[in-house]
Amino acid sequence: MPAAVAAAAVAAASGGALLLCLLLNCCTQSASDAEREREEDEASPLLSGSGPGPGREAGSGSEEEEPWPDRAPLTCCEATAVAARTARRTWELTVGRWGLHGLAFGIKRHMKRQGNLQHEYSGNDCLQLKGHQTYTEVSSLLEYLKLCMFFSKKSFSAFLKFGGYKQDDILIHKARARLMQPSFALVCDQRTKCLLLFIRGAISTKERLTAATAAEVPFHHIILSEGKISNVVLGHAHCGMLAGARWIAKLIIPHLHNKMQEFSGYHIKVIGHSMGAGIGAILTYILREHYEFLSCSCLAFAPPACMTWELAESGKDFITSLVNRNDVVPAFSKVSSESLRSEVMVSSKLDDVQDHFHHGLFASISQRVAFIKSHMLSISNSTGKIADRGSSISEPLLKDAADTIPPTANGHSVDCSQQQVVASEETVVLVVSNDHFTIVKPVDSGLASQEGSDSNVASDTQQSPPPTGEGEEEAPNQNGPEKDKQKEPVSAGCSSRQLFPPGRIIHMVALPPPLDPNPGDGTSSCEIIGIYETPRDLYGKIRLAPNMIKEHYMPSYISTMESLLEQLQKEDDDDTSVCTASNDL
């Protein structure tokens, strides 16, 4: 028996020593790999202007004690740590801050209160696109979007068959996605003489974690002109998407160098949807820092808010972002979600207060008036109580009036029509003003009390924040009215920077149908789809809509683009027929 115990102890000690040895080797290997990776990054011209590394985030204003990584994790331990940190941060920013009541009821009520705001994308600052050139551009975008959908949703063999590609046309393909390492394929398209890089969006759990790692990390873009550095654009970018873009760049740059030397007239197009669009846009900035890849352009479908204002503006010449109707992803960032949370919670509390107010106001007033009348009858029959002015009914009623005053919602008082309920001509007056309930004594017995109550109401009104209408008008204007300045507002409660979709933004908008001249015929007009080039500041605010998630998916984009092409073709035919008729005349 002692021998068995000793053998078990020796086995346990051996196992522990082996486990410790493996752990030390793993840590040593991880450190050496990380050091080798850092040395390669410092020596590579690719990242020379892309901003400081993880340990050099000075001046970024981040609230996190440890800076977020801006490169893909090298080991499983690093990936697990980043995933756990991302999950914790996502929880804190969503359910941890919003609460179930706000998520379940506040958003729905605020959406109903807000109404349909899609018309804002077709306002005076937006340029409507028409004509044959627009038809050609939308047709090309639709073709590339279908290729992107087959790459993301179908099998790779189905993608090759749909695009008419051979296996020899595939330069590199990464089918399995990992954290900050998205799935992509580099294809040589001989028909269009382009090297097409398709990047898949967030489909798997690891890809969703990449999209959720939304901290802002420094990212700087070097602009080349005639082989020389002409300008450097400073800014910040989405952490997970920047790491994914840098990981892809290291893999494809050798292939691009070889193919660009072999096919001198070829261009590079980066295509992606959702998270793939954000990674593709950042990757385009990185590739254009090489003189050989200045022809690189990007087609971003449903792009997320992934970079700060000046970076996004600097990509207008080579990035085209397409947005569909009420798609919420291009405007979704930490700053805009915090602004939405404030509006939603205020709307939810106001609705609760108003419901309680409308149901209980008149009942409370009726009860108080009946109470006053009953006591006034007893007071009028008793001479002793009338002589005692200090025992007026106004004092206990003033104490109980706090129960009838509805609570305010975040400092916002409920607006209601100004009413006065006169309980007795000689004793008390209950006043319902725009802000508060006030119980006022008669002039002859309590003038000082009335003045004190009015002064308290005035002081409360001065200290309270502005009403809901003013707060909601300030939220969209966080970026400021001037468009020629950098619009990177920092919210009052956090140090996050506002992120925007990249490049030139074109938005497909469902316009209201024209009025039917014969409403009695029972015929209904189909909706009209218009396409507009929109300013970037429209995407600093989240606009809620019932179908804002559905219209983010690629089938919805394809359906809207097909309807838009039909309308553009019809308008083109009408213009052609008008020109022909005028020439005949």
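Owing to the predicted nature of the structure, the values given are computational and were not obtained by experimental measurement. (Residues numbered from 1 in each chain as written. Predicted model: local features only at pLDDT ≥ 70, side-chain atom pairs only at ≥ 80, totals over all residues. Heavy atoms only, no water.)

Some words on the overall build of the chain
Here is step 1: Within the chain one finds 15 helices and 16 strands.
Here is step 2: A buried classification covers 44% of the 585 residues belonging to the chain.
Here is step 3: Of the contacts made within the chain by residues no fewer than 6 positions apart, 74% connect residues no fewer than 24 positions apart.
Here is step 4: Accessible area of the chain: about 30,500 Å², with a carbon and sulfur share of 55%. (Helix = DSSP H or I, 4+ residues; strand = E, 2+ residues; numbered from the N terminus. Buried < 20%, exposed > 50% of the residue type's maximum accessible area, 1.4 Å probe, protein only. Contact = heavy atoms within 4.5 Å. Areas by Shrake-Rupley, 256 points an atom, 1.4 Å probe, with all protein chains shown as cover.)

Things to note about the environment of Tyr 291
Here is step 1: Within the secondary structure, Tyr 291 sits in the loop between α8 (275-287) and β10 (297-301).
Here is step 2: Tyr 291 gets classed as exposed once you look at its relative accessible area, which sits at 52%.
Here is step 3: It is 8.6 Å that separates the C-alpha atoms of Tyr 291 and Ser 225, two residues lying 66 residues apart in sequence.
Here is step 4: The residues touching Tyr 291, leaving out its near neighbours within four places in the chain, are Leu 224, Glu 226 and Gly 227.

Examining a positive patch on the surface
Here is step 1: Positive charge collects at one region of the surface, where Lys 174, Arg 176, Arg 178 and Lys 206 lie side by side.
Here is step 2: Mapped onto the elements, Lys 174 comes out in strand β2 (residues 170-174). (Patch = residues over 30% accessible without salt bridge, like charges linked within 9 Å, V, L, I, M, F, W, Y side chains within 5 Å. Salt bridge = Lys/Arg side-chain N within 4 Å of Asp/Glu carboxyl O. Lys, Arg positive; Asp, Glu negative; His and termini not counted. Charge placed at Lys NZ, Arg CZ, Asp CG, Glu CD.)

As for the sheet that holds strand β3 (residues 184-189)
Here is step 1: With mixed pairing, the nine strands of this open sheet are ordered in space as β1-β16-β15-β11-β10-β9-β4-β3-β2. Of all the strands in the sheet, the pair left with one neighbour each is β1 (127-128) and β2.
Here is step 2: Pairing analysis gives two bridges linking β1 to strand β16 (residues 528-533), with the strands arranged antiparallel. In the sheet register, Gln 128 faces β16, and the bridge partner there is Tyr 532.
Here is step 3: Strand contacts of helix α4 (residues 131-153): β2, β3, β4 (194-199), β9 (267-273), β10, β11 (319-324), β15 (504-511) and β16, with the helix running at about 55 degrees to β4, the strand carrying the most contacts.
Here is step 4: Sheet contacts for helix α5 (residues 156-163): β2, β3 and β4; angle to β2, the most-contacted strand, approximately 150 degrees. (Pairing = 2+ DSSP bridges. Axes fitted to C-alpha atoms, helices over the stretch in contact; angles between N-to-C directions.)

Let's talk about the nonpolar core
Here is step 1: In this structure, Leu 195, Leu 197, Ile 248, Ile 252, Ile 282 and Leu 283 are the most contacted members of the largest nonpolar core, which totals 53 residues.
Here is step 2: Counting residues per element, this core draws most heavily on helix α7 (residues 239-262), which supplies 12 residues.
Here is step 3: By size, the runner-up hydrophobic cluster in this structure holds 47 residues, among which are Leu 141, Leu 145, Phe 159 and Met 554. (Core = buried A, V, L, I, M, F, W, Y, C linked by side-chain atoms within 4.5 Å.)

Observations concerning unusual backbone geometry
Here is step 1: A positive phi is found at Lys 193, a non-glycine position, where the angle reads about 55 degrees.
Here is step 2: Position of Lys 193 among the secondary structure elements: in the loop between β3 and β4.
Here is step 3: With a phi angle near 50 degrees, Ala 302 is a residue other than glycine that sits in the positive phi range.

So, a nonpolar patch on the surface
Here is step 1: Taken together, the side chains of Ile 229, Val 232 and Leu 234 make up a nonpolar region of the molecular surface, amounting to roughly 290 Å² of accessible area.
Here is step 2: Along the polypeptide, Leu 234 turns up in the loop between β7 (228-233) and β8 (236-238).

Thoughts on the packing of α4 against α5
Here is step 1: Across the interface, α4 lies against α5 with an axial gap of 8 Å and an inter-helix angle of 160 degrees. Classified by the angle their axes make, α4 and α5 are roughly antiparallel. Judged by the twist between their axes, the crossing of α4 over α5 is right-handed. Along its contact with α4, which presents Lys 146, Leu 147, Phe 150 and Phe 151, the element α5 presents Phe 156, Ala 158, Phe 159, Phe 162 and Gly 163.
Here is step 2: Tallied by class, the residues present in the contact of α4 with α5 amount to seven nonpolar, one polar and one charged. (Parallel < 35°, antiparallel > 145°, perpendicular 65-115°, else oblique. Left-handed = near helix turned anticlockwise from the far one by under 90°. Nonpolar A, V, L, I, M, F, W, Y, C, P; charged D, E, K, R; others polar.)

What to know about the pattern of salt bridges
Here is step 1: Overall, the coordinates contain 10 salt bridges when judged by the stated rule.
Here is step 2: A salt bridge links Glu 207 to Arg 200; the shortest N-O distance between them is 2.9 Å. Arg 200 carries the same exposure label as Glu 207, and that label is buried.
Here is step 3: The salt bridge partner of Arg 536 is Glu 313, with a shortest N-O separation of 2.9 Å. Residue Arg 536 is found in the loop between β16 and α15 (554-584), and its partner Glu 313 is found in helix α9 (residues 309-314); the two are separated by 223 residues along the sequence.
Here is step 4: Owing to a relative accessible area of 26%, Glu 313 belongs among the partly exposed residues under this scheme.
Here is step 5: A single network of salt bridges, built from pairs that share partners, joins Glu 137, Arg 504 and Glu 533.

So, α8
Here is step 1: For α8, spanning 13 residues, the distance from its first C-alpha to its last is 18 Å, which sits close to the expected 18 Å at 1.5 Å a residue.
Here is step 2: Of all the 13 residues making up α8, 13 are buried; the element is thus mostly covered by neighbouring parts of the structure. (Expected span 1.5 Å × (residues − 1).)

As for the packing of aromatic side chains
Here is step 1: With the rule as written, the count across this model stands at 12 aromatic pairs.
Here is step 2: Three or more aromatic residues link up through ring pairs in this structure, and these residues are Phe 151, Phe 156, Phe 159, Tyr 165 and Phe 198.
Here is step 3: Across from the ring centre of Trp 68, 4.1 Å away, lies the NZ or CZ of Arg 85, which sits over that ring. (Phe/Tyr/Trp six-rings, centres within 6.5 Å; stacked < 30°, edge-to-face > 60°. Lys NZ or Arg CZ within 6 Å of the ring centre and 35° of its normal.)

Focus on the confidence of the model for the chain
Here is step 1: The share of residues in the chain with pLDDT of 70 or more is 58%, and the mean pLDDT across the chain is 73.
Here is step 2: In the model, residues 37-64 has pLDDT below 50 throughout and makes 52 contacts with residues more than four positions away in sequence or in other chains.
Here is step 3: With pLDDT under 50 throughout, residues 519-524 is counted as low confidence; its partners more than four residues away or in other chains account for one contact. (pLDDT = per-residue confidence, 0-100.)

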